[in-house]
Amino acid sequence: MQEILLGLEPMTLQLPEKPFFLPPRNGENSGVDFLGLRQTNLDMMAEMIPSLNNVTNYIRPFALLSWLFWKFPQLCRDAGMDAPSRKDIDQFREKIEVLFSWGASLHETSGRIPGTGATPPPSLPDGTVELTFAAWKRITSSTSLIAALWYGPASKAVTGLGFLAPIPGRTGFFRVTASGQRLAEAFDEIVREDADRYATILATLDETKATKQDAIALWQIWAPETVSSAESEVFSTSLYSEDDVGNDSRLIGKRSTTLALVMHHLNCSSSALSTSDIRQGMALSSLPNGDLYLPPEHLIKARDSWLTLQMRQLQRLSMECLLSWCEGQILDAHGNDTDRMASRFAESWHSSDHELGEQNSVSAVLASLEEKISNDGGFLEAVRASSVPNPFDLMSKIQEKLRLVDHDMAVSAFMGLLLCAAFANTPNQNERMLSLGGAPRLSLHSLRRRLLSLRDTPIEGAFKYIIEALVISQHFSTAVNRFDGQSQRLRLTIEENGLSALVSRPWRPTVTEDRLATLLSLSAQAGILVQTPEGQFGHNI
């Protein structure tokens, strides 16, 4: 045994005395960000749709949390409890949350509710069960409504919609804001409809237990698929402010500007549209039938920024697709070195297939793309004229090829990177968003600079560079920087005979949700938009 210094503390460790073999690797890697690109996409989403995430689909949980932290101090005052403990607030919160998620687990919901996968504890002799996270084997940090993964950040003041404010020095305690109180009062009217359960189960500090029938009965009155007019009215003023449209200095201003762009797009349409149609139409100022429109001047910047976000989505998907392609090449024994990979790619790539002439270098292909964009008067115009690929169609094609494990996915991904690099040179774009991520996370500007540095390198050599420098090396760097001493992040490794896969099947990356579905859902529940039974959205005139 030998004592060594790690940080400031000495530790006694068993050091090896001779060479040894590592134990066989056990299990597959799990994760969604093996190239370290995700945070830049999330930062762009936060610019366009701040305060929300991809799981805050309902108004009702915001109301429930507001009621919970509004009702608890009232009950404490009534009970003469001057200094409630963390145990007291947790017991009250967990009881309400368990009942809510228990009801959700017994019914079908269109959105996600945390804790629905928990198994009920054994019933007591009287048929009741305990309503604590411990009894249900739930973890607050991952399955509570207030958790960072769920409605917590979106409920809070400063960074969220402004219903709750943390109480300094009191972990787990929150006070309701003025809007939070109004939302809580609206919710209180709803749950009082079951007067008996309100008095004996909900509005009490007692360590209450309940039955399955109690959970079902409460679900009938507080299920999130419905929302009262009072809740809608309060929530809508926190989600959207017409007076703040165009005000980038406030979160509600950024959110309202994006929502104003949504409403303008829907107002131009004669029918309700799906989320995917709205996403593409907002970026391209076009309708599914091909009609074009020009947004008002104060929404042009938002339209361009939304397009930049979607191009970043394409860039990330393209790069992750290439990592998946590399894994497939190794696993299928088509190549364990980048020379063979590049050669196989070159057999499938033909510039003429993409209406780029017979260009055989990256600089020439980029120049051809940019000439088309310039001749048509801009990137949007070139996409509309089909002079350059539609980025949304390209993302769909990449995802379909990933699903089919089609070798030609590398061709579509390479085209995606070229299109992103050409877009980064489009005049009058949001320079700050184009530079988000910098070199470490390969911003759109950084991608363009790296490709331009290849100059007249033939396509095959350029592809090899992309695989080596922008995909495999990026993956190694990300895995090493995130290694915590336990979880292995590597999917590839370099052995004596070349690259080796540490996985049994290629990764299948997907496009990260951009919060638009959440914004549309909440807006419809708040009465700002309307939603059809088929899940499409229209402008609430």
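Here the structure is a predicted model, which is why all the values come from computation and not from measurement.

*Asks:* It is not clear to me how the pattern of salt bridges should be interpreted in this structure. Could you clarify?
*Replies:* Opposite charge on two side chains makes pairing possible when the charged atoms of those side chains draw close. According to the stated counting rule, one finds 23 salt bridges in the structure shown. Measuring nitrogen to oxygen at the nearest pair gives 2.8 Å for the salt bridge that ties Lys 464 to Asp 339. Residue Lys 464 is located in helix H20 (residues 459-481), and its partner Asp 339 is located in helix H13 (residues 338-348); the two are separated by 125 residues in the primary sequence. You can call Lys 464 partly exposed: its relative accessible area is 25%.

*Asks:* Just to check I follow, could you spell out the packing of helix H2 (residues 60-78) against helix H3 (residues 86-105) for this structure?
*Replies:* To describe two helices that pack against each other, one gives the angle between their axes and the distance between the axes. Viewed as axis vectors pointing N to C, H2 and H3 meet at an angle of 145°, and their least axial separation amounts to 11 Å. Crossing handedness for the pair H2 and H3: right-handed. Along the contact surface, H2 presents Arg 60, Pro 61, Leu 64, Trp 67, Leu 68, Phe 69, Lys 71, Phe 72 and Leu 75, while H3 presents Asp 88, Ile 89, Phe 92, Arg 93, Ile 96 and Phe 100. Along the lines of polarity and charge, the residues of the contact of H2 with H3 split into eleven nonpolar, no polar and four charged.

*Asks:* Would you mind showing me how to read H20 here?
*Replies:* Because the α-helix completes a turn every 3.6 residues, residues three or four places apart line up on one side. With 23 residues, H20 extends 31 Å between its outermost C-alpha atoms, agreeing within 8% with the 33 Å of an ideal straight helix rising 1.5 Å per residue. Buried residues of H20: Ile 459, Ala 462, Phe 463, Ile 466, Ile 467, Leu 470, Val 471, Ile 472, Gln 474, His 475, Thr 478 and Ala 479, and no others.

*Asks:* Explanation requested: the packing of helix H10 (residues 251-268) against helix H11 (residues 275-284) in the structure shown.
*Replies:* Look at H10 against H11: their axes get within 10 Å of each other, and the N-to-C directions meet at 100°. As summarised for this structure, H10 and H11 are arranged roughly perpendicular, according to the angle between their axes. Contact residues: Thr 258, Leu 261, Val 262, His 265 and Leu 266 in H10; Asp 277, Ile 278, Gly 281 and Met 282 in H11. Taken together, the residues of the contact of H10 with H11 break down into five nonpolar, three polar and one charged.

*Asks:* Sorry, what's going on with the side chain of Arg 515 here?
*Replies:* As for its position among the elements, Arg 515 is in the loop between strand E8 (498-501) and helix H21 (516-525). Among buried Asp, Glu, Lys and Arg side chains, Arg 515 stands out as unpaired, with Asp 43 the closest opposite charge at 7.3 Å. Leave out the neighbours within four places in its chain, and Arg 515 touches Leu 42, Met 45, Ala 46, Ile 49, Pro 50, Ser 51, Leu 52, Asn 53 and Asn 54.

*Asks:* Would you mind going over the pairing of strand E7 (residues 492-495) with me for this structure?
*Replies:* Note on strand geometry: in a regular strand, side chains alternate between the two faces of the sheet. Examined bridge by bridge, E7 and E8 share four bridges and lie antiparallel to one another. Paired with Thr 493 across the bridge in E8 is Ser 500.

*Asks:* Sorry if this is basic, but what is going on with helix H12 (residues 297-331) here?
*Replies:* End to end, H12 covers 52 Å across 35 residues, agreeing with the expected 51 Å (1.5 Å per residue, within 8%). Within H12, 31 of the 35 residues are buried, which leaves it mostly tucked inside the rest of the structure. Phi turns positive one or two residues past the end of H12, at Ala 333, with a value near 60°.

*Asks:* Would you take a moment to explain the environment of Phe 235 for this structure?
*Replies:* Tracing the sequence through the fold places Phe 235 in helix H9 (residues 229-239). Sequence separation between Phe 235 and Ala 413 is 178 residues, and the spatial gap between their C-alpha atoms is 41 Å. Setting aside residues up to four positions removed in sequence, Phe 235 forms contacts with Ile 59, Phe 62, Leu 161, Phe 163, Leu 522 and Ala 526.

*Asks:* Got a minute to help me understand the packing of aromatic side chains in this structure?
*Replies:* For any pair of aromatic rings, the description rests on two quantities: the centre-to-centre distance and the angle between the ring planes. Tallying each qualifying case throughout the model produces 22 aromatic pairs. Among the aromatic residues, ring-to-ring pairing joins Trp 67, Phe 72, Phe 92, Phe 100, Phe 173, Phe 187, Tyr 198, Trp 219 and Trp 222 into one connected group. For Arg 170, the ring lying beneath its charged end belongs to Phe 173, and the centroid distance is 4.0 Å. Between the NZ or CZ atom of Arg 491 and the centre of the ring of Phe 34, over which it lies, the distance is 4.8 Å.

What counts and how
- Residues numbered from 1 in each chain as written.
- Predicted model: local features only at pLDDT ≥ 70, side-chain atom pairs only at ≥ 80, totals over all residues.
- Heavy atoms only, no water.
- Salt bridge = Lys/Arg side-chain N within 4 Å of Asp/Glu carboxyl O.
- Helix = DSSP H or I, 4+ residues; strand = E, 2+ residues; numbered from the N terminus.
- Buried < 20%, exposed > 50% of the residue type's maximum accessible area, 1.4 Å probe, protein only.
- Axes fitted to C-alpha atoms, helices over the stretch in contact; angles between N-to-C directions.
- Left-handed = near helix turned anticlockwise from the far one by under 90°.
- Contact = heavy atoms within 4.5 Å.
- Nonpolar A, V, L, I, M, F, W, Y, C, P; charged D, E, K, R; others polar.
- Expected span 1.5 Å × (residues − 1).
- Parallel < 35°, antiparallel > 145°, perpendicular 65-115°, else oblique.
- Lys, Arg positive; Asp, Glu negative; His and termini not counted.
- Pairing = 2+ DSSP bridges.
- Phe/Tyr/Trp six-rings, centres within 6.5 Å; stacked < 30°, edge-to-face > 60°.
- Lys NZ or Arg CZ within 6 Å of the ring centre and 35° of its normal.

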